[in-house]
Structures are given as C-alpha cells and as structure tokens.
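Examination of the molecular architecture
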Amino acid sequence: MEKIKIKHFKYNIFEPIAINKSALTVIFYHGWGTDVDSFQSLAEEITKEGHTVIMPEILYHDTRNPLKKHFEKDTLQNYFWKTIIESIAEFNDFFNELKISKQKTVLAGSSMGGFIANGIFASQENVGGLANINGSGSFLLSEKIFREMDNRPDIPLELEMILEKFDPIGQKNCDSPVLLIHGDSDKTVPLDGQKDYFNYLTENEGRKDVELLIYKGVDHQFTSDMLQDLIIWLNEISK
C-alpha cells in the first residue's frame with residue numbers, strides 16, 4: 001500500500017502482486033466516521049484477484065479538515081449530505097489526476113461511500129461499473145426515511161433542490177454493470193433506497209445488468225460474504 005498526494009487530493013493505492021491484463025481499478029469510498037486505513041484488509045483481498053484499489057481520503061474525514069465528532073446528531077445532519085455532494089462534485093478533478101482508463105474503473109463504496117459512488121456513477125459516462133454496499137442510489141427517498149427515523153420535519157426546499165440535482169433517480173445513469181449489496185435488517189441505512197434504485201434501473205431504464213443481493217438478518221455491516229460476492233462480481237465483469 002502506498003499513500004499518495006496529488007494537489008489537495010490524498011489517497012491510498014493498493015497494487016496487485018500478479019499482473020492481470022483484464023484487471024480493473026476499483027475506486028472505493030469509505031463510510032461516515034471511518035477512514036481509508038480502516039479498509040486496508042478489504043483492499044488487500046481485492047488485490048489478490050489482480051485488481052488495483054484506490055481509496056480516496058474523503059472531505060471532513062481522514063486528513064481533509066476532519067470533523068471532531070462525526071456521530072453527534074447536529075454534525076451528522078449538517079455534514080452528511082454536504083460530504084456526499086462535495087465528493088461527487090470533485091470527482092472529475094480527482095480522476096483526471098489519476099490518469100487511468102475510465103472504462104476499466106469501477107466505483108464502489110460502503111454506507112456513505114455507497115451514496116458517493118452511486119452519485120458519481122449517475123453523473124459519468126463510460127465508467128466500468130458500480131458496487132454500492134449498504135448505501136443508497138435514491139437520495140430523496142433516503143433523506144425522507146432518515147427524517148422519519150429521527151422524527152424530523154419534511155425536507156427543507158433548499159436541501160430538496162440540491163438532492164434532486166444529484167439524485168441518481170431521475171438521471172440517465174451510466175449503462176455499465178451495477179451491483180447493489182445490502183442487509184435486510186439494516187437500521188442505519190434502510191434497504192428501501194437500494195430497492196428503489198434497483199427498480200429505477202430495471203423498470204424505468206430497462207437494464208438487465210443490475211444485481212441486488214440482500215443478506216438475511218444482516219444489519220449495517222460489511223460482512224465477509226458481502227466481500228466475497230463483490231470479488232466474484234468484479235472478476236465476472238472484468239472478463
């Protein structure tokens with residue numbers, strides 16, 4: 001693993017030992033309140049298959065103006081969507097610095113990182129694929145659910161307009177393969193957002209290359225079974 005800084009972007013890169021001509025580069029976004037180093041073992045498992053993994057440091061995390069207490073209610077509510085939207089907006093500048101093939105790049109993420117990867121995927125052309133683990137590709141619906149869970153009022157108009165602009169629902173998403181992974185007992189990011197995005201791609205866009213894998217009895221966790229299914233999918237789409 002190597003830590004790299006280009007301009008104001010920082011990321012960890014994990015290179016495979018063996019050369020695989022059909023291998024992919026996975027840009028993986030971590031979850032809220034975690035950091036790039038937390039996912040080192042996951043990245044190493046993926047590199048065993050010959051793929052490269054890039055884990056960007058995310059705004060308001062890692063060394064990029066990190067928040068002190070991510071899970072305080074006010075901090076979470078004020079910065080969750082701000083982090084996601086700003087990460088989506090800066091992607092093109094970040095990707096241009098990497099100088100890699102977009103067609104051989106898969107966007108992936110866990111929890112908040114799944115939201116980020118999904119939002120980027122919806123705004124790009126010719127990306128190699130999307131893997132959203134325990135996140136959501138239905139931004140407005142998920143925010144409505146979060147507010148119901150917290151007994152908060154309806155979405156303010158300003159936030160609603162921002163979410164509509166970046167929501168993958170309603171956009172013409174990139175037509176590359178999609179893998180959605182989620183536990184059916186997730187109490188942090190309920191499954192409904194993944195289901196809504198799956199239905200949007202398969203029914204509204206008529207997509208056939210979209211998989212939704214649901215794990216019985218699993219809460220907001222990235223399990224070993226999820227990781228193995230992610231690796232299987234990466235190997236399949238790289239052929």
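Structure: see above.
Heads up: these notes are all about the structure in this document.

Rules of the game
Residues numbered from 1 in each chain as written. Predicted model: local features only at pLDDT ≥ 70, side-chain atom pairs only at ≥ 80, totals over all residues. Heavy atoms only, no water. Pairing = 2+ DSSP bridges. Helix = DSSP H or I, 4+ residues; strand = E, 2+ residues; numbered from the N terminus. Axes fitted to C-alpha atoms, helices over the stretch in contact; angles between N-to-C directions. Contact = heavy atoms within 4.5 Å. 1 Å grid on protein atoms, 1.4 Å probe; cavity = no way out; pocket = protein on both sides within 12 Å on 5 of 7 lines; lining within 4 Å. Points joined across faces, edges and corners; volume = space filled by probe spheres on them. Nonpolar A, V, L, I, M, F, W, Y, C, P; charged D, E, K, R; others polar.

**A word on the sheet that holds strand E1 (residues 2-6)**
Overall, mixed pairing links the eight strands, which are arranged E1-E2-E4-E3-E5-E6-E7-E8 in an open sheet. Pairing within the sheet leaves two strands with one partner each, and these edge strands are E1 and strand E8 (210-215). Each neighbouring strand pair of the sheet contributes to a mean axis angle of 20°, computed without reference to strand direction. Here five bridges tie strand E3 (residues 25-29) to strand E5 (residues 105-110), and the two strands are oriented parallel to one another. When the bridges of E5 are listed, Val26 appears paired with Val106. Those strands touched by helix H1 (residues 40-47) are strand E2 (9-14), E3 and strand E4 (52-56), and its axis lies near 155° from that of E4.

**As for empty space enclosed by the protein**
For the structure on display, the rule yields one cavity of 30 Å³ or more. Its boundaries defined by the atoms lining it, the largest cavity holds a volume of some 60 Å³. For the largest cavity, the full set of lining residues is Phe9, Tyr29, Pro56, Glu57, Ile58, Leu59, Arg64, Ser87, Glu90, Phe91 and Phe94. Class assignment for the residues of the lining of the largest cavity results in seven nonpolar, one polar and three charged.

These results come straight from atomic positions and should not be treated as a statement about function.
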